[in-house]
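Next come the chains, spelled out residue by residue.
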Amino acid sequence: MYSYYNKGYADLGDGREMGPKRQRLMDQGSSSYYGSSPGSSYMYNSAPYSSYGGQPPPSFPIVRLRGLPFGCTEADIAEFLHGLDIVDVLFIHKGGRFSGEAYCVLGYHLQVEYALQRNRQNIGKRYVEVFRSTRHEYYKAIASEVADAAHSGSPPHHSSSRAKSYDEGKDLAEHTGVLRLRGLPYSAIKDDILEFFKNFELSEDKVHITYNSEGRPSGDAFVEFSNPEDSRAAMSKDRKTLGSRYIELFPSSKQEMDEAIARGGKTDVDDGDPPVHTGVLRMRGLPFSAGKEDIVEFFSEFVIPDDCIHITFNPDGRPTGEAFVKFASAEDSEAAMAKDRKTLGCRYIELFISSPQELSEALSSFTSASRPRSKR
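(A) Spotlight on the sheet that holds strand E8 (residues 217-224). The sheet built from five strands is open, its strands ordered E7-E8-E6-E10-E9 with antiparallel pairing. Two strands bound the open sheet, and with one partner strand each, they are strand E7 (207-211) and strand E9 (240-242). Averaged over neighbouring strand pairs, the angle between their axes works out to 35° when direction is ignored. The sheet contact formed by E9 and strand E10 (residues 245-251) spans three bridges and is antiparallel.

(B) Quick look at the packing of aromatic side chains. Enumeration over the complete set of coordinates arrives at 10 aromatic pairs. Both rings, one in Phe196 and one in Phe197, keep their centres 5.0 Å apart while their planes meet at 80°; by these two values the pair is edge-to-face. Phe197 shares its class with Phe196; the two are buried. Seen from their ring centres, Phe200 and Phe225 are 5.6 Å apart, and the 85° between their planes marks the pair as edge-to-face. Taken together, the residues span a long stretch of sequence, with Phe200 in the loop between helix H6 (190-196) and E7 and Phe225 in the loop between E8 and helix H7 (228-234) at a distance of 25 residues. Residue classification places Phe200 among the buried residues on the basis of a relative accessible area of 19%. The class for Phe225 is buried, based on a relative accessible area of 8%. Lying over the aromatic face of Phe352, Arg282 brings its terminal NZ or CZ to 4.6 Å of the ring centre.

(C) View of the sheet that holds strand E5 (residues 126-132). In spatial order, the strands read E2-E3-E1-E5-E4; together these five strands make up an open sheet with antiparallel pairing. Unpaired on one side and paired on the other, strand E2 (86-94) and strand E4 (121-123) mark the two borders of the sheet. On average, adjacent strands in this sheet sit at an angle of 35° to one another, irrespective of strand direction. Bridging between strand E1 (residues 62-66) and E5 involves four bridges; their strand directions are antiparallel. By the bridge assignment for E5, Arg64 is matched with Phe131.

(D) Structural context of a negative patch on the surface. A contiguous patch of negative charge on the surface is contributed by Asp191, Asp192, Glu204 and Asp205. Within the secondary structure, Asp205 sits in the loop between H6 and E7.

(E) Broad picture of the pairing of strand E6 (residues 178-182). With respect to burial, E6 is a largely interior element, five of its five residues being buried. Neither face of E6 is open: one carries Val178, Arg180 and Arg182, the other Leu179 and Leu181, and all of them are buried. With five bridges connecting them, E6 and E8 associate as antiparallel partners. Bridging across to E8, Leu181 finds its partner in Ala221. For E6 and E10, the ladder comprises four bridges, and the chain directions are antiparallel. Residue pairing in the sheet places Arg180 in a bridge with Phe250 of E10.

Cut-offs and rules
- Residues numbered from 1 in each chain as written.
- Predicted model: local features only at pLDDT ≥ 70, side-chain atom pairs only at ≥ 80, totals over all residues.
- Heavy atoms only, no water.
- Pairing = 2+ DSSP bridges.
- Helix = DSSP H or I, 4+ residues; strand = E, 2+ residues; numbered from the N terminus.
- Axes fitted to C-alpha atoms, helices over the stretch in contact; angles between N-to-C directions.
- Phe/Tyr/Trp six-rings, centres within 6.5 Å; stacked < 30°, edge-to-face > 60°.
- Buried < 20%, exposed > 50% of the residue type's maximum accessible area, 1.4 Å probe, protein only.
- Lys NZ or Arg CZ within 6 Å of the ring centre and 35° of its normal.
- Patch = residues over 30% accessible without salt bridge, like charges linked within 9 Å, V, L, I, M, F, W, Y side chains within 5 Å.
- Areas by Shrake-Rupley, 256 points an atom, 1.4 Å probe, with all protein chains shown as cover.
- Salt bridge = Lys/Arg side-chain N within 4 Å of Asp/Glu carboxyl O.
- Lys, Arg positive; Asp, Glu negative; His and termini not counted.
- Charge placed at Lys NZ, Arg CZ, Asp CG, Glu CD.

Here it is in structure tokens:
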């Protein structure tokens, strides 16, 4: 899920070239679409099986989303799949209207498993279903979009009419000299951002990388330019790449920047300090059928009483896929982080350093209840 999964997989069957390919194909029209057979794996290098011990290479990294709000934008999907490398988003239309479905090409095949863990989580008030898909389905959907655009006489440069209005909104936004960056690699440091904006005069103290409540980089940052004219000019870098990630830029304000820094609980002074263990961990990506005994088994090396496990549920009674575990000591919770990204059933479980305060807030926001042990 995180950027360090990308290391060492440069030659795998990833989707990083698909965004530009899709746009070129749509610009050229449907006649060029199947110039090469959809079955030919141009996403792999020559002799693709040689790197896999004679086994077929991993499947194309794509998922299909269903149940999207009708005002959904690419930014909403980027937020929904936060932490994953999104290469391309194709919104699906039927009869000229958005169908509530989209295809999302990811950077690496491993990220499909993480995307599937977002199944039935919400965008706004709508829960979104996430399914595996294939390159062929993606091709077929693009061909359909090209045909619809040709029929309507409008160029298919945007998958959704919302995408255009979204960009126009950025253009018309008032500039205060502050920009927000979204989609940063989690390994990014201030020097990377200064290099990204190398055509502008910026000092290190004007770059603010934000952190989430667990003390991990949020993927966002704020940059203070000398004046509004410079920040407006810097918008030319919107959707340019930093490393392997597409960076989105948004006009912001000092107030929004200060609030984001305060929420993260970290400042520029302690950028390098690790988060402090309090004895509480948050689990994310649980199977929706998971019960407390499953969690006890997951942490079998530790003694965890039943009343120290809190599985959270939405107001409608559906599991959120998250839980909080209170360990006997901070030392135990630190040792338990060794289970981060291990599997429970068929799901990869993410672990985050939490706190009694976050646990209390979660229990007041969600319903916490005991569930029977799942049968796997």
